[in-house]
Structures are given as structure tokens and as C-alpha cells.
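Architecture and fold: a report
Now for the letters of each chain:
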Protein chains: 2
Amino acid sequence: MAKQANVSTATVSHVINGTRYVSEETKRKVHEAMEDLNYRINSVARSLRSRKSRVIAFLAPILASETSNYFFMSVAAGIQSVLKQQEYHLMLSDSHEEEEYEADEIRMLGSQMIDGLIMAPAGREPDYERLFGDYPVLYLDRVPHDSGKRDCVVVDNKNVSKEAVSMLIGQGHRRIAYLSGPNMLTTTEERFAGYLEALTEAGLDAEPDLIGMGEVSLGSGYKLTESLMRHRPTAIFVTDNVMAMGVMFYLQEKKIAVPDQIAVVAYDAFQWTRITSPPLTVIEQPAFELGVKAAEVMLERINNAALPRQVHRLTAKLVVRQSS
Amino acid sequence: MAKQANVSTATVSHVINGTRYVSEETKRKVHEAMEDLNYRINSVARSLRSRKSRVIAFLAPILASETSNYFFMSVAAGIQSVLKQQEYHLMLSDSHEEEEYEADEIRMLGSQMIDGLIMAPAGREPDYERLFGDYPVLYLDRVPHDSGKRDCVVVDNKNVSKEAVSMLIGQGHRRIAYLSGPNMLTTTEERFAGYLEALTEAGLDAEPDLIGMGEVSLGSGYKLTESLMRHRPTAIFVTDNVMAMGVMFYLQEKKIAVPDQIAVVAYDAFQWTRITSPPLTVIEQPAFELGVKAAEVMLERINNAALPRQVHRLTAKLVVRQSS
DNA sequence: ATGAAAGCGCTAACAT
DNA sequence: ATGTTAGCGCTTTCAT
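The name recorded for chain A in an unreviewed UniProt entry is LacI family DNA-binding transcriptional regulator, from Paenibacillus arenilitoris.

What follows is the structure, encoded as C-alpha cells:
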């Protein structure tokens, strides 16, 4: 290729990268040769030499369930929108929400292959630091116990949850049920803390019978609602979107009127929450923005490893509709 | 690293890849040194040398809309499940359902070393062949006009659509509305063909007033339903999941009883279709299986470029619930 | 304004 | 049973 244009490989490189002056005439010749040979740069060689791949990996439970996947896909879209502008690639990896699977993926991601890793950890305890390669890591949405000196971009779950429950209390509800997945992620924990705090502030006691935690699935949401209902709640706060489907399924099947017999507040403003009867009051998480911020921070970090650690907490919004 | 273990780089390589006999003793030393130095293989160098990256790209409108993204994420999960077993990586790229964006991605991929590309083309006409690099390409879900000698893995949309419409006809419906996105993809086209064929076989005429096509969104589905309803259909077949939300939103708002006043059959069995009132009769596409098949075919193709072209058409299933 | 050449970390052919 | 060495296709320093 260099010979086709009668120039050195150095010149070709400089033409491609605009990295030093090259006469118009020479540029022309190079471009011509590139055209002739349908030349495509070999970015693998480039990565090897420059020690940069311009690939950022996003590791999250994207394929684990229909709904969590939508959340993380929105996040991915946000990441993508930033990376694309800077000519970075996004490599999506799935953690299956399982620590082992996740560790596997991190190992596969290996070293030189990525310039940075954005991840929503599946666990709290794993010794992630030992797995990571020599690239910056940013925790997104959730944070492991030892988040070390890593950048973090999360949602303020506690305050918005508190706001939702306080609203319910303001409407006169005293028996507010809480439904969520297992309390193993910082997100879930914060939501629960918000629930508790709203109760406490209103001088209410948390009642164990009104608290349901279990597997994240429609069926599990259905069953837990069934148990919860035995204790006569007048409202239910469900912190997971798929479980919320279970709640609605149960309520609809038993012809329990919402919000007259029971008020419902759910998490995540996916489209389907608009077409239930009635449309659901939900907490809308800034998923896309989470991705945007994460990508921005990651890029800053890549360009300046010495930057102080950044922790961003984005606020979620309570969207009041007719179920409360 | 090689010196740390007092062996040659060749031996290290062979230990890592199990590619020739190495004495237990030497293996031990190498593994020890790897441990000591927290050695991680440089897959970029490996790719450069071996001309294989073990990365398969999947290019689809994954981030374009909430629903198409469920579908393609399931496909991705299927692809992933196969690739992972063979220690391949999945690189996800988004086409935004726009040809230009898509071409851009292909170009970026082209310079990124991938061993294969699985794509759901956004357009019918683009001269894709000119964009592709030197790797196998497989068309998934949809096919461009010039699918050339490429492998294809698609869904049999026509027959299942026909089955759905025929069922409606069998139930006595004569005025069956058809609602879909713009007729630009092979998928949409096939669904329409199935609708038409069912009508024809029953001796019914297609009525232009009962056919609505437009933007794929909840709002657009709502508006189109509104127009369609002026022509008194007794059933509606909607081939897009997001538009189906618009249909349900309209029907619910206007308190039009389903299926008493109008029957509804929609596309895709996402969870939300179970919690509408009533639960929706839907066509369930084998999304995950589509991905599995595509990945399998791709791997076969990579291992044997001379294999005859493969075209797989998976069947979708009509899931009858209470809306019809 | 351009070229020569080293070398990124591997794999694989060739030696021994 | 293991070592030597030549590249893979780039980027980049040093020359001219």
C-alpha cells in the first residue's frame, strides 16, 4: 500500500492520522492508492502499537430479564451517544446478574482489548479489583462494597423512594406495603431505606407483614402480592418493574380496584405502565442520562488518570398518574 | 514474563494455548510466573498475529425504541449463549434503524477486527456489499434486496400472520383492520402479505380504509387506531408491539370493550401483553432461538467458508389469550 | 517534507 | 521437550 503510492509507511500513517504535515500532492497519491486497494486500516495493529483500542466495555445484566434489560439498554444508548461522537466503540457484555458469569466476562475482556470498563456489578462483595486489567473502571447504578477509588454514577434511589412513600402517607395511607427483589444491591437497599425513612418521619412503624422481598419475576410479584394482601395494605410500593407486572396481574385478576381499594406506585416509567388500568404512578429513573454521564466521566478519566475520583448521583422523578 | 519463568516465549505461548507438549514441571513454572506477575494475555497482539479476534458483531436497531429493543435484546441473548460457549465475544452495535447510521457502524466495525457480522439491516436497497470487510455476514430477521449469497436467519412472518387473521375470520370477523409500521422491511411486508392472503382465501376484499401504516410509536398507534375505528372494524391485527400499546391505550380510554366490541391480535409476546385487560392474543416470535441459530450458522461459516449458503426460516407461534 | 527502522506482544515455522 | 526468530500492520523517534 505504501509502495503503491510510492511513499513510506510513515507518510501513509501521517496522512491517515493528520499527524504531521504532508504535501497536498503526496496526500493525493496516498488517498488514491487507498481507494484503489480498498484499503481499510487495521485497528488491531494500531491498538497494539498505540496501546489504545478506543473500545469501552459496558458490563451489566442486560440480557438477564426482559425489563432490567430495558433499563440497561437505555443506559447503553446513553453511553453510546457519547462514545460515538468521540469515535469510541461500545462493547456490551452481559453479567446475567450472576457473579460467576460476570467474573468470566471480565476475564474475557482481558487487558489491552478495552480502554475502560463501565459496569453495574452483580454482587456486593467480590474482589473485583483483582479481576480488572489496567484500565479505568466506573461503577454504574450500583456499587460494590469496596468501590475503592473508582468513579461512580448512580441514581438517588433513597430520596425519590421516600418522596413516593411520603406522598402515599400524605394521601392518608397508613398501611403501605413494600415489594422488591432481594435486598442485595445498593439500589434495592436504598429504596428500602427511603421507604423506612418516610414511615419513620410520619411516626409510622414498619410492619414486617407488609414487606415482601423475593425473586424478580412476574410470577413472584403475583405471589408476593397475594401474601401481602392478607394483611390489608391500602397502598403498595413496588420497586421493580417486572414484579409490578405481577402486582397488576394479581389485582386485575382479583378485581381489586386501583386506586380505590389499593394504591400502587411502581418503579421505572416504561411504556407499558401507561396502558394499565389505570395508568401507573411510577418513579422514572434517568437511565439514558446515567449512561451519558458515565461515558463522559469515563472519557475524562481516560484522558486524565490523575483526576480526583468522581461520584455522581442523578435524581429520579416521581411521575404521578392514576394509580395513586 | 518468559524470563521470569526461565523459558522461551514460545513455551509460554504453548502452555497458554495447549498447543504442543510441555512438561508438567515447565507448565508449573509458567503458571507460577503468570500468577506472580498477574499476567493477562494481550489479545490484541494475539489477534494481530493470528488474524482472528474471536469477536462477532451484531448490528441491529437495538437502541432505537423500547420495544424493538426487547426483541433484539432477546436475539442478542441467544447469540451470546452460543458464542460464550465457544469463547467468542459479542460486540453489539446499534443501527438506530437508519441507513446512514448503520453504514457508519459498518465502517467502524470494518476497521475493528471482527470475525463475523450478524445484522438486521435497516434498509432494503443499500449496497451493503461494498461496505463489508473481509468477514462473513449473516442477515437476521430481515433481508435486503441484494442478500447475495449471504446466510439468512429469519422468522416465517407470512404464515403466522395468515394464521392469526384466518382465526379472526373463523370467529366471524369480516372487517379486520391492519395496523403496522411503514412497509419497508421484509418483516412488515410478509406480515401484510399474510393478512392479505387470509382475506383472499376467505373471499374477502382488503379495504384500504382498514389499513393503517405509520410511525412506530405509542402515539402513532393511538392516532391510527382512532382513524381506523371510524370505519367500524370488528377486529384489529397490529404487527408492532409499541403500536399495540397505542391501540390498547385508545381502546381503554374510549372504553371500547375487548374482545366484545373489537378483537385485538398483536405481535410479540412481551410480558406486558399479559397484564392488559384483557390479556392479549399475540404472535410470539422465537427471538432467542433466532439468535441461537444465527450464531450457530455464523460459527459454521467461520469454520468453513466453502459451506453452501444457509437460509433458515423459524416459525412463530400464535398465542391465543382473551383479546380475540 | 519525507524516510528508515524499531518494536508493540504475540504465534508458528524451523531448529535443536 | 524447548528455544530462536520472523513477522502480523501499525505508530513514532530519529534522521535527513
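Still more ground to cover, so stick around.
Scanning chain A for helices and strands turns up 11 helices and 12 strands. By its C-alpha atoms, chain A is 85 × 40 × 30 Å across when sized along the principal axes. Within chain A, counting contacts between residues at least 6 apart in sequence, those at least 24 apart form 68% of the total. With the model as given, the accessible surface of chain A reaches about 13,800 Å², and the carbon-plus-sulfur share is 48%. A gap of 5 Å separates the mean positions of the 35 positive and 42 negative side-chain charges of chain A.

A separate point is the environment of Tyr88 of chain A. Residue position: Tyr88 of chain A is located in the loop between helix H4 (66-85) and strand E2 (89-94). Classification of Tyr88 of chain A by relative accessible area gives buried; the value is 8%. Taking C-alpha positions, Tyr88 of chain A is 7.1 Å from Ile56 of chain A, a pair spaced 32 residues apart along the chain. Not counting the four nearest positions on each side in its chain, Tyr88 of chain A is found in contact with Arg54, Val55, Ile56, Leu83, Asp115, Leu299 and Ile302 of chain A together with Met108 of chain B.

A word on the protein's contact with DNA strand C. Among the 26 residues in the neighbourhood of DNA strand C, the closest are listed as Thr26 and Arg49 of chain A together with Ser13, Tyr39 and Arg49 of chain B. Near-protein atoms of DNA strand C (within 4 Å) split between backbone and bases, with sugar and phosphate holding 55%. Taking Thr11 of chain A, its side chain carries an N or O atom lying 2.7 Å from a phosphate oxygen of DNA strand C. One of the side-chain nitrogen or oxygen atoms of Tyr39 of chain B is found 2.6 Å away from a phosphate oxygen of DNA strand C. For the surface near DNA strand C, the secondary-structure elements that each account for two or more residues are helix H1 (9-17) and helix H3 (43-50) of chain A together with helix H1 (9-17) and helix H3 (43-50) of chain B. Of the residues contributing to the surface near DNA strand C, the split by class is 9 nonpolar, 10 polar and 7 charged.

In the vicinity of DNA strand D lie 26 residues, with Ser13 and Arg49 of chain A together with Ser23, Thr26 and Arg49 of chain B positioned nearest. The separation between a phosphate oxygen of DNA strand D and a polar main-chain atom of Asn42 of chain A is 3.4 Å. A distance of 2.4 Å separates a base oxygen of DNA strand D from a polar side-chain atom of Arg49 of chain A. The set of elements that each furnish at least two residues to the surface near DNA strand D consists of H1 and H3 of chain A together with H1 and H3 of chain B. Counted by class, the surface near DNA strand D contains 9 nonpolar, 11 polar and 6 charged residues.

With 53 residues of chain A at the contact, the number on the chain B side is 52 residues. Summed over both partners, the interface of chain A with chain B buries about 5,100 Å², with 60% contributed by carbon and sulfur atoms. If you look at where chain A meets chain B, you find 4 salt bridges. Here Lys84 of chain B makes a salt bridge to Glu105 of chain A, at a shortest N to O gap of 2.7 Å. Linking chain A with chain B are 9 residue pairs in polar contact (both at pLDDT 80 or more), by the criterion used here. Of all the elements in the fold, those that place two or more residues in the side of chain A that touches chain B are H3, H4, E2, helix H5 (99-109), helix H6 (128-131) and helix H10 (241-253) of chain A. Counting residues per element, the side of chain A that touches chain B draws most heavily on H4 of chain A, at 9 residues.

Rules behind the numbers
- Residues numbered from 1 in each chain as written.
- Chains lettered and ligands numbered in written order.
- Predicted model: local features only at pLDDT ≥ 70, side-chain atom pairs only at ≥ 80, totals over all residues.
- Heavy atoms only, no water.
- Helix = DSSP H or I, 4+ residues; strand = E, 2+ residues; numbered from the N terminus.
- Contact = heavy atoms within 4.5 Å.
- Areas by Shrake-Rupley, 256 points an atom, 1.4 Å probe, with all protein chains shown as cover.
- Lys, Arg positive; Asp, Glu negative; His and termini not counted.
- Charge placed at Lys NZ, Arg CZ, Asp CG, Glu CD.
- Buried < 20%, exposed > 50% of the residue type's maximum accessible area, 1.4 Å probe, protein only.
- Near = heavy atom within 4 Å.
- Polar contact = N/O pair within 3.5 Å; in protein donor to acceptor, adjacent residues only side chain to side chain.
- Nonpolar A, V, L, I, M, F, W, Y, C, P; charged D, E, K, R; others polar.
- Buried area = accessible area lost by both parts, 1.4 Å probe.
- Salt bridge = Lys/Arg side-chain N within 4 Å of Asp/Glu carboxyl O.

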